[in-house]
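Take a look at the letters that make up each chain.
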Amino acid sequence: MQGLISQMLEGTVTSLEIFFLTLIFSLPLGFVVAKGRMTRIAPIRWIVDLYIQVMRGTPLILQLIFVYFAPFYIFGASYDRFTACIIAFVINYSAYFSEIYRSGLQSIDRGQYEASKVLGFTKAYTFFHIILPQVIKRILPALGNEVITLVKDTALAQTIGVAELFRVAQTASSREFSTLPIFIAGVFYFIMNYIVSRLFVVMEKKLNYYR
Amino acid sequence: MEEMIKLTGLKKAFGGVEILKNISFTLPKGNVLSIIGPSGSGKSTTLRIITQLEKADDGNLEIAGHTLFSSVDGKAVYCNPEEERQIGLKTGLVFQSFNLFPHFSVLRNITEAQKAVLHRSREEAEEKAMALLTKMGIAEKAKQYPYQLSGGQQQRVSIARALALDPEVLFFDEPTSALDPELTREILKVIRELAEEKMTMVVVTHEMHFARAISDWAIFMNKGVIVEEGNPDRLFGNPQEERTRQFIASFQD
Ligand SMILES: Nc1ncnc2c1ncn2[C@@H]1O[C@H](COP(=O)(O)OP(=O)(O)OP(=O)(O)O)[C@@H](O)[C@H]1O
Ligand SMILES: [Mg+2]
């Protein structure tokens, strides 16, 4: 029992690592992708659009396998599973976040940019102080959904052999002929998502002071 | 008299369609110019070029003695970006749709640019903002957010926001078109007071009586050209051109 608990804790830490590392990289990267998707330079726009379509149009599980195994089959080089897993998650989630950002950016009235320009704000100032806060307020619900999905998606990392919580639970389950480990894992995902959704509710409330 | 705006030969096309064909006017310091004309005649585009929201294709523009662009071989050549910015600070624009920042309080809407652009201290900016809000008769709204205000109050905030930067010339693009008659009167009163204080202004409006009453000069535009201009009593009372007469008549009910 002791061994099981400590194994599952280790798996939990790995799941949390996947979760946070994915967010840390893909939340800002999504903005870069969104900008690329909205650029006036057509070739960049096409490439970024294709990338987003591929990320949204193919299963994440397939992308994980591809990112991990493709370098091996193409260059004969293999690398760390965990790194591959983070790369796959980040490129996948950046695409999803970028579409949320894009819809948020496009929902901002042109008048906000024009008023900023006429008042003499620089482009950077306008983006960070005028546009971004309003975008964040508008996209928060969609962002919340995506982050909740990410918590559950971390379980997919097992397909390339990353020992995250779900894999640990599955292995323990078949070893001990018990569904208890699976159940414990379920409780973890549930608690994790409960915290995430509460956090988003709090943030939405905080931004409720204006319309 | 000192010229605040000297615009000559302004041309602008969108997608190959000439929107402004040859716009010229001068505006002496302390004067009010009103621009009237039917929808699509290019009034907004003219203001947007002077306030640098759009680029001119050709022409010359001097604001308070500084050249924003001048015509070279049939093309408008702009001064350098820093000069553009400096000239931009001399002009203010009040929009039809207010365009207040919804996430800022009324007070912060007025202090933000003072602090970020003019580098005024917070105290100085707030003092200025409160003085302007008092003048607009909405000092008690300082802590509220734009959505809590009526359209007329929002427009007064946006006028205060523009005035806070001490522009040398203020442009209004149909400042009352989004307002009902009662709120319209509120805003017209504010603009009238500014005119009495000798604020240099250009007002695009469909309020004919108001335009006639406050302006020193009036321009009638149609299809990208100035059809007729003159002192307001003459332009509104005794227009010479048939098109002007028709347009003004359409507002008499
Ligand atoms: N960014 C743009 N791209 C293409 N066409 C434009 C653009 N801005 C304005 N136009 C066109 O230029 C013409 C003049 O527009 P403008 O807004 O200056 O007219 P206006 O006199 O202000 O009319 P209104 O009384 O309706 O405000 C219109 O036909 C308009 O469709
Ligand atoms: Mg207009």
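Bear in mind that the values here come from a model prediction, so they are computed numbers and not experimental data.

Reading guide: rules and limits
- Numbers given to residues run from 1 along each chain, matching the order in which its sequence is written.
- Labels are handed out in written order, letters beginning with A for the chains and numbers beginning with 1 for the ligands.
- Two thresholds apply to this predicted model, a pLDDT of at least 70 for residue-level local features and 80 or more for giving and counting side-chain atom pairs, whereas whole-chain, interface and lining totals are computed over all residues.
- The side-chain values count all of the structure's non-hydrogen atoms but skip hydrogen atoms and water molecules.
- When a carboxyl oxygen of Asp or Glu is within 4 Å of a side-chain nitrogen of Lys or Arg, the pair counts as a salt bridge.
- Helix and strand definitions follow DSSP, with helices as H or I runs of at least four residues and strands as E runs of at least two, each counted in order from the N terminus.
- Relative accessibility under 20% of the residue-type maximum defines a buried residue, over 50% an exposed one, and the middle range a partly exposed one, all with a 1.4 Å probe and only protein chains included.
- Stacked, tilted and edge-to-face pairs are distinguished by plane angle, under 30 degrees for stacked and over 60 for edge-to-face with tilted covering the rest, among Phe, Tyr and Trp rings (Trp via its six-membered ring) whose centres lie within 6.5 Å.
- Two thresholds decide whether a charge sits over a ring: the Lys NZ or Arg CZ must be within 6 Å of the ring centre and within 35 degrees of the ring normal.
- For two strands to pair, DSSP has to find at least two bridges joining them.
- Axis angles are defined between N-to-C directions and span 0 to 180 degrees, where every axis is a line fitted to C-alpha atoms and, for a helix, only to the segment in contact.
- By definition in these notes, contact holds between two residues if any of their heavy atoms fall within 4.5 Å.
- Defined here as a combined quantity, buried area equals the accessible surface (1.4 Å probe) lost by two parts on assembly, summed across both.
- Nitrogen and oxygen atoms within 3.5 Å of one another constitute a polar contact, given that in protein one can donate a hydrogen and the other can accept it, and given that sequence-neighbouring residues count only through two side-chain atoms.
- For every residue, the predictor states its confidence as a pLDDT score lying anywhere from 0 to 100.
- Here a residue is considered near a molecule or strand provided that any single heavy atom belonging to it is located within 4 Å of it.
- Accessible surface is estimated by sampling points in the Shrake-Rupley manner with a 1.4 Å probe; for residues, cover comes only from the protein chains shown.
- In this count, Pro and Cys sit with the nonpolar residues alongside Ala, Val, Leu, Ile, Met, Phe, Trp and Tyr, while Asp, Glu, Lys and Arg are called charged and the others, Gly among them, polar.

### Let's talk about the pattern of salt bridges
Between side chains of opposite charge, pairing is possible as soon as their charged atoms come close. According to the stated counting rule, one finds 22 salt bridges over all chains in the structure shown. We note a salt bridge from Arg37 of chain A to Asp49 of chain A, for which the minimum N-O separation is 3.0 Å. You can see Arg37 of chain A sitting in helix H1 (residues 2-37) and its partner Asp49 of chain A sitting in helix H2 (residues 42-57), a full 12 residues away along the chain. The class for Arg37 of chain A is buried, based on a relative accessible area of 19%. Across the salt bridge formed by Glu112 of chain B and Arg108 of chain B, the nearest N and O atoms sit 2.7 Å from each other. One end of the pair is Glu112 of chain B and the other is Arg108 of chain B, both in helix H3 (residues 106-116) and four residues apart, which spans about a single turn. Residue Glu112 of chain B is classed as buried on the basis of its relative accessible area, which comes to 3%.

### What about the packing of aromatic side chains?
This structure, assessed with the given rule, holds 20 aromatic pairs over all chains. Judged by centre distance (5.5 Å) and plane angle (65 degrees), the rings of Phe188 of chain A and Tyr189 of chain A are edge-to-face. One aromatic cluster is present, formed by Phe31, Tyr101, Phe127 and Phe128 of chain A through successive ring pairs. Directly above the aromatic system of Tyr210 of chain A lies the positively charged group of Lys137 of chain A, at a separation of 4.6 Å from the ring centroid. Above the face of the Tyr78 of chain B ring, Lys55 of chain B is positioned so that its terminal group lies 3.9 Å from the ring centre.

### Digging into the sheet that holds strand E6 (residues 75-78) of chain B
Residue and element names in this part refer to chain B. With antiparallel pairing, five strands are arranged side by side in an open sheet as E2-E1-E4-E5-E6. Every other strand in the sheet has two partners, leaving strand E2 (17-28) and E6 as the edge strands with one partner each. Across the sheet, the mean angle from the axis of one strand to that of its neighbour is 20 degrees, orientation sign disregarded. On the sheet, helix H1 (residues 43-50) packs against strand E1 (3-14), E2, strand E4 (58-63), strand E5 (66-72) and E6 and is oriented at approximately 120 degrees with respect to E1. Strands E4, E5 and E6 of the sheet are contacted by helix H2 (residues 81-88), whose axis makes an angle of about 125 degrees with E5.

### What to know about the interface of chain B and chain A
Contacts between the two partners involve 24 residues from chain B and, on the opposite side, 20 residues from chain A. Together chain B and chain A conceal approximately 2,000 Å² of surface at their shared face, both sides included; 63% is due to carbon and sulfur atoms. The three residues of chain B that bury the most area against chain A are Phe101, His103 and Tyr147 of chain B, which together make up 31% of that side's buried surface. One salt bridge connects Glu114 of chain A with Arg48 of chain B, and the closest N-O pair in it is separated by 2.9 Å. At the surface where chain B touches chain A, the tally comes to eight residue pairs in polar contact (both at pLDDT 80 or more). Looking at the side of chain B that touches chain A, the elements that each hand over two or more residues are H2, strand E7 (91-94) and H3 of chain B.

### Thoughts on the environment of Gly40 of chain B
All names here are of chain B. Note that Gly40 resides in the loop between strand E3 (32-36) and H1. Since its relative accessible area comes to 65%, Gly40 is described here as exposed. Here the alpha-carbon distance between Gly40 and Gly224, two residues 184 residues apart in the chain, equals 8.2 Å.

### A closer look at the confidence of the model for chain B
In the predicted model, chain B carries a mean pLDDT of 95, and 99% of its residues have values of at least 70. Predicted as a complex, the structure gets a pTM of 0.91 and an ipTM equal to 0.95.

### Some words on the site of ligand 1
Residue and element names in this part refer to chain B. By nearness alone, every residue bordering ligand 1 is listed as Phe14, Ile19, Pro38, Ser39, Gly40, Ser41, Gly42, Lys43, Ser44, Thr45 and Glu174. The backbone of Gly40 places a nitrogen or oxygen atom 2.8 Å from an oxygen atom of ligand 1. In this structure, an oxygen atom belonging to ligand 1 sits 3.2 Å away from a main-chain N or O atom of Ser41. In isolation ligand 1 exposes 620 Å². Once the protein is present, 59% of that is buried. Here the shell around ligand 1 takes three residues from H1, the largest share from any one element. Its residues assigned to classes, the shell around ligand 1 comprises three nonpolar, six polar and two charged.

### Quick notes on the environment of Trp46 of chain A
Mapped onto the fold, Trp46 of chain A is located in helix H2. Along the chain, Trp46 of chain A and Ile191 of chain A lie 145 residues apart, while their C-alpha atoms are 40 Å from each other.

### Observations concerning the confidence of the model for chain A
Interpretation of the predicted coordinates at a detailed level should be avoided for regions scoring low in pLDDT. When the pLDDT values of chain A are averaged, the result is 94; 100% of them are 70 or greater. Confidence scores differ between elements of chain A, with helix H7 (residues 165-176) of chain A showing the lowest mean pLDDT of 90 and helix H5 (residues 110-119) of chain A the highest of 98.

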